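Residue-level listing of the chains:
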Amino acid sequence: MLDTPAATQRARVRVPLRFHDGYSVDAELVTFHGLGDGQEHVAVVLGEPGPVPLVRLHSECLTGDVFGSARCDCGPQLREAVERIAEHGGVLLYLRQEGRGIGLYNKLDAYALQDQGLDTYEANAALGLPEDARDYTAAAQMLRALGITELDLLSNNPDKAEQLRGLGIGVQERVPTGVFTTPHNVRYLRAKVLTTQHTLPLADLTELTELTEVTGLTALTELHVS
């Protein structure tokens with residue numbers, strides 16, 4: 001376990017959340033003093049967190065969360081996480097880690113390379129950047145400041161659980177998210193399975209990837225993985 005400095009809560013404010021599909025829920029947003037990376041991360045407290053709350057570490061994605069980009073699954077994951085956490089009781093940590101930590105401009109540069117045939121990880125490497133630059137030390141600080149040391153983690157990404165455990169946070173169970181596919185993100189999702197062992201159905205994603213390559217993106221309007 002790493003010896004990380006303690007963060008403290010800075011402010012808490014009630015915010016009613018409203019989503020484009022009509023779902024609404026009241027949340028409490030929490031800000032912090034003393035986060036090690038100096039970023040303005042926010043905790044979104046939903047429902048009534050119990051001794052083992054459901055927690056998601058959600059990395060900021062302007063293109064997906066705000067603009068509804070179909071090139072990733074971030075927006076649908078955020079929407080799903082809010083509802084599932086509200087039902088169970090827990091916290092969504094909204095972390096300022098755009099593009100797996102490389103920033104917005106670099107992420108868009110990587111998109112351009114993906115258009116030339118590279119996958120999301122190869123594109124980062126071609127730019128001289130890490131495949132995944134995210135560090136979850138600040139997330140562990142936030143959780144401790146909220147009094148959370150044991151949790152169930154809503155994530156397909158095993159690295160998040162491993163990092164939290166290494167930082168002294170007990171992850172009792174890793175709960176997979178839904179699978180949100182579009183013709184534009186199946187190669188991206190498949191790369192996440194092959195490169196970073198995300199909990200996603202590889203066979204289905206491989207089949208859908210081949211289908212989009214054969215038929216062309218314009219021939220498909222929506223994909224669903226069962």
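Computed from a predicted structure; not experimentally measured.

Some words on the overall build of the protein
Per the secondary structure count, the protein includes nine helices and seven strands. Buried residues in the protein amount to 50% of all 226 residues. Carbon and sulfur atoms make up 52% of the accessible area of the protein, which totals about 11,000 Å².

Details of the pattern of salt bridges
Applying the stated criterion across every chain, the model contains nine salt bridges. One salt bridge connects R12 with E28, and the closest N-O pair in it is separated by 2.9 Å. With R12 in strand β1 (residues 8–18) and E28 in strand β2 (residues 24–33), this residue pair connects regions lying 16 residues apart in the sequence. Its relative accessible area of 18% is what places E28 among the buried residues. Across the pair E83 and R79 runs a salt bridge, and its minimum N-O distance is 2.9 Å. Of this pair, E83 and R79 both sit in helix α2 (residues 74–88), four residues apart, which is roughly one turn of that helix. Under the relative-accessibility criterion, R79 is labelled buried at 15%. Each of the salt bridges in this network shares a partner with another, and the network as a whole consists of D21, R79 and E83.

Digging into the confidence of the model for the protein
Per-residue confidence for the protein gives a mean pLDDT of 89; residues scoring 70 or more make up 87%. Note that residues 218–226 has pLDDT below 50 and, in this model, 20 contacts with residues that lie over four places away or in other chains.

Structural notes on unusual backbone geometry
Non-glycine residue R100 carries a positive phi angle of around 55°. For R100, a relative accessible area of 11% puts it in the buried group.

A short note on a nonpolar patch on the surface
Taken together, the side chains of L62, V66 and F67 make up a nonpolar region of the molecular surface, amounting to roughly 300 Å² of accessible area. Here V66 shows up in helix α1 (residues 62–66). The class of V66 is exposed, set by a relative accessible area of 55%.

Quick notes on the pairing of strand β6 (residues 150–154)
Within β6, four of the five residues are buried, which leaves the element mostly enclosed by the surrounding structure. The pairing of β6 with strand β7 (residues 170–175) spans five bridges and is classified as parallel. Each residue of the ladder has a partner; that of L153, found in β7, is R174. With helix α7 (residues 158–166) bridging β6 and the parallel β7, this β-α-β connection has right-handed handedness.

Some details on the sheet that holds β1
With mixed pairing, the seven strands of this open sheet are ordered in space as β1-β2-β3-β5-β4-β6-β7. On the outer flanks of this sheet lie β1 and β7, each paired with one strand and no other. Across the sheet, the mean angle from the axis of one strand to that of its neighbour is 30°, orientation sign disregarded. The sheet contacts of α2 involve β1, β2, β3 (42–46), β4 (54–59), β5 (90–95), β6 and β7, and relative to β4 the element is tilted by about 160°. Where helix α6 (residues 137–145) meets the sheet, it contacts β1, β2, β3, β4, β5 and β6, and its direction lies at approximately 145° from that of β5.

Here we look at the nonpolar core
Counting 26 residues, the largest nonpolar core has F32, A43, L57, V91, L93, L143 and L151 as the members making the most contacts within it. For this core, the secondary-structure elements that each account for two or more residues are β2, β3, β4, β5, α6, β6 and α7. Counting residues per element, this core draws most heavily on α6, which supplies five residues. Formed by 16 residues, the second largest nonpolar core is a distinct cluster that contains L17, V82, L154 and V175.

Some points on the side chain of N124
For N124, the position within the fold is in helix α5 (residues 120–126). According to the relative accessible area criterion, N124 is buried, its value standing at 2%. Here the side chain of N124 touches P130 through a polar contact of 3.1 Å, landing on its backbone oxygen. Ignoring sequence-local partners within four residues, the contact set of N124 consists of G99, R100, I102, A110, L129, P130 and E131.

Some points on the packing of aromatic side chains
Under the definition given, this model contains one aromatic pair. With a centroid separation of 6.1 Å and 40° between ring planes, the pair formed by F19 and Y23 is classed as tilted. On the basis of relative accessibility, which here comes to 22%, the residue F19 falls in the partly exposed class. Just above the ring of Y111 sits the side chain of R71; from NZ or CZ to the centre is 4.2 Å. Geometry around F19 places R79 over its ring, the cationic atom sitting 5.6 Å from the centre.

Calculation notes
Residues numbered from 1 in each chain as written. Predicted model: local features only at pLDDT ≥ 70, side-chain atom pairs only at ≥ 80, totals over all residues. Heavy atoms only, no water. Helix = DSSP H or I, 4+ residues; strand = E, 2+ residues; numbered from the N terminus. Buried < 20%, exposed > 50% of the residue type's maximum accessible area, 1.4 Å probe, protein only. Areas by Shrake-Rupley, 256 points an atom, 1.4 Å probe, with all protein chains shown as cover. Salt bridge = Lys/Arg side-chain N within 4 Å of Asp/Glu carboxyl O. pLDDT = per-residue confidence, 0-100. Contact = heavy atoms within 4.5 Å. Patch = residues over 30% accessible without salt bridge, like charges linked within 9 Å, V, L, I, M, F, W, Y side chains within 5 Å. Pairing = 2+ DSSP bridges. Right-handed = clockwise from strand over helix to strand, strands pointing away. Axes fitted to C-alpha atoms, helices over the stretch in contact; angles between N-to-C directions. Core = buried A, V, L, I, M, F, W, Y, C linked by side-chain atoms within 4.5 Å. Polar contact = N/O pair within 3.5 Å; in protein donor to acceptor, adjacent residues only side chain to side chain. Phe/Tyr/Trp six-rings, centres within 6.5 Å; stacked < 30°, edge-to-face > 60°. Lys NZ or Arg CZ within 6 Å of the ring centre and 35° of its normal.

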